[in-house]
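Observations on the three-dimensional arrangement
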Amino acid sequence: MTVDLVIVGCGGHGRELFGIVQAINGTHPARPRWRVLGFVDDRPSEVNLKRLQRLDAAYLGGTDRLRDLPGPAHHVLGVGDPRVRRLIDQRIADLGLPAASLVHPLASVGADLVHGEGLVAFAGARVTTNVRLGRHVHLNQNATVGHDSVLADFVSVNPLAAVSGACHLDSGVLIGTTAAVLQGLRVGADATVGAGACVVRDVPPGSVVKGVPAR
């Protein structure tokens, strides 16, 4: 059955999610999984609106348009920043729209995976075994998550970043591009691990760490 879908956010991250939808639908072209009704965004730039036109995708208006959809539809949060993703989720929570989970056909997820609604796994993402993911977790291109790890709500793991086994990333954590979190460590809520950093000890909540080793 084909399900209607609205992408929230028409910036680069949202348009990448549109590509994931196309890849998912391409695995069964006769029975597409999703039908994208369009994008909503409260403050789209003219550049991004033109880029939507090149994708032949509709801009529906601001997030208030989610109240007026013609029938039941899912949504997905096409926003890269974990904290902004959380704010948007809070804003639209009362609408009762279920969140879609999108896993690119070229992503790899282990059999023993439990995840909340709104998971997005980009091409090349790898998740192994006994992994628990919260709501609206985004695993970007070629990110990896090792065994027995827990990623709480709204975590983002950016391209080529590696989360080792038995790690715990609290809500709203951002792991930057090519960063690494070593085995068994905890990264506190709303912390940011900078691009290319190597985390060798627990990271306090709300902090920003960078470098090798990360400080």
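Here the structure is a predicted model, which means the values were calculated and not measured. (Residues numbered from 1 in each chain as written. Predicted model: local features only at pLDDT ≥ 70, side-chain atom pairs only at ≥ 80, totals over all residues. Heavy atoms only, no water.)

Looking now at the UniProt feature "site: Increases basicity of active site His" (unreviewed entry) in the chain. Here the UniProt feature "site: Increases basicity of active site His" (unreviewed entry) sits at Asp 148. For Asp 148, the location among the structural elements is in the loop between strand S12 (144-145) and strand S13 (150-151). Once residues within four sequence positions are removed from consideration, Asp 148 is found in contact with Thr 129, Asn 130, Val 131, Ala 166 and Cys 167. (UniProt positions renumbered as here; feature names shortened; annotations may be inferred. Helix = DSSP H or I, 4+ residues; strand = E, 2+ residues; numbered from the N terminus. Contact = heavy atoms within 4.5 Å.)

Scanning all chains against the criterion turns up one aromatic pair. Arg 33 extends its terminal NZ or CZ atom over the ring of Trp 34, reaching a point 4.3 Å from the ring centre. (Phe/Tyr/Trp six-rings, centres within 6.5 Å; stacked < 30°, edge-to-face > 60°. Lys NZ or Arg CZ within 6 Å of the ring centre and 35° of its normal.)

One pass over the structure, following the stated rule, counts 10 salt bridges. Notably, a salt bridge pairs Glu 117 with Arg 135, separated by 3.0 Å at the nearest N-O pair. With Glu 117 in the loop between strand S7 (113-115) and strand S8 (120-121) and Arg 135 in the loop between strand S10 (131-133) and strand S11 (138-139), this pair connects stretches of sequence that are 18 residues apart. For Glu 117, a relative accessible area of 34% gives the class partly exposed. Residue classification places Arg 135 among the partly exposed residues on the basis of a relative accessible area of 25%. Overlapping salt bridges bring together Asp 89, Glu 117 and Arg 135 as one network. (Salt bridge = Lys/Arg side-chain N within 4 Å of Asp/Glu carboxyl O. Buried < 20%, exposed > 50% of the residue type's maximum accessible area, 1.4 Å probe, protein only.)

Read across the open sheet, the four strands follow the order S3-S2-S1-S4; overall the sheet is parallel. At either end of the open sheet lies a strand with only one pairing partner, and these are strand S3 (59-61) and strand S4 (74-77). Strand-to-strand twist across the sheet, computed as the mean angle between neighbouring axes with direction ignored, equals 35°. When strand S1 (residues 3-8) meets S4, the two strands line up parallel, connected through four bridges. Paired with Val 6 across the bridge in S4 is His 75. Packed onto the sheet, helix H3 (residues 82-92) meets S1 and S4 and runs at close to 155° relative to S4. (Pairing = 2+ DSSP bridges. Axes fitted to C-alpha atoms, helices over the stretch in contact; angles between N-to-C directions.)

Looking now at the domain arrangement of the chain. Segmentation of the chain into domains returns domain 1 (2-99) and domain 2 (101-214). Placing the centre of domain 1 and that of domain 2 at their C-alpha centroids yields a distance of 23 Å. Contact residues are listed per partner, giving 20 residues for domain 1 and 25 residues for domain 2. When the two sides are added together, the surface that domain 1 and domain 2 hide from each other amounts to roughly 1,800 Å², 61% of it contributed by carbon and sulfur. Considering only the surface of domain 1 that becomes buried against domain 2, Ile 20, Arg 86 and Ala 99 emerge as the three largest contributors, covering 29% of it. Applying the counting rule to domain 1 against domain 2 returns two salt bridges. The residue Asp 190 makes a salt bridge to Arg 86 at a minimum N-O spacing of 2.9 Å. For the pair domain 1 and domain 2, the interface holds 14 residue pairs in polar contact (both at pLDDT 80 or more). Elements supplying a minimum of two residues to the side of domain 1 that touches domain 2: helix H1 (12-26), S4 and H3. (Domains from an automatic or database assignment. Buried area = accessible area lost by both parts, 1.4 Å probe. Polar contact = N/O pair within 3.5 Å; in protein donor to acceptor, adjacent residues only side chain to side chain.)

Judged by pairing direction, the sheet is parallel, and its seven strands sit side by side in the order S5-S8-S11-S14-S17-S20-S22 without closing on themselves. Two strands close off the open sheet at either side, each with one partner strand: strand S5 (102-103) and strand S22 (208-209). As judged from the two bridges shared by S11 and strand S14 (residues 156-157), these two strands associate in the parallel manner. Counted as the bridge partner of Leu 139 is Val 157 from S14.

It is worth spelling out the UniProt feature "binding site: substrate" (unreviewed entry) in the chain at this point. Under the UniProt annotation, "binding site: substrate" (unreviewed entry) lies at Gly 80. Positionally, Gly 80 belongs in the loop between S4 and H3. The residues touching Gly 80, leaving out its near neighbours within four places in the chain, are His 13, Arg 85 and Ser 156.

Taking the relative accessible area as the measure of exposure, Asp 148 reaches 37% and is therefore partly exposed. Linking Asp 148 and Cys 167, residues 19 residues apart in sequence, is a C-alpha distance of 7.3 Å. For Asp 148, the side chain forms a polar contact with the side chain of His 147, separated by 2.7 Å.

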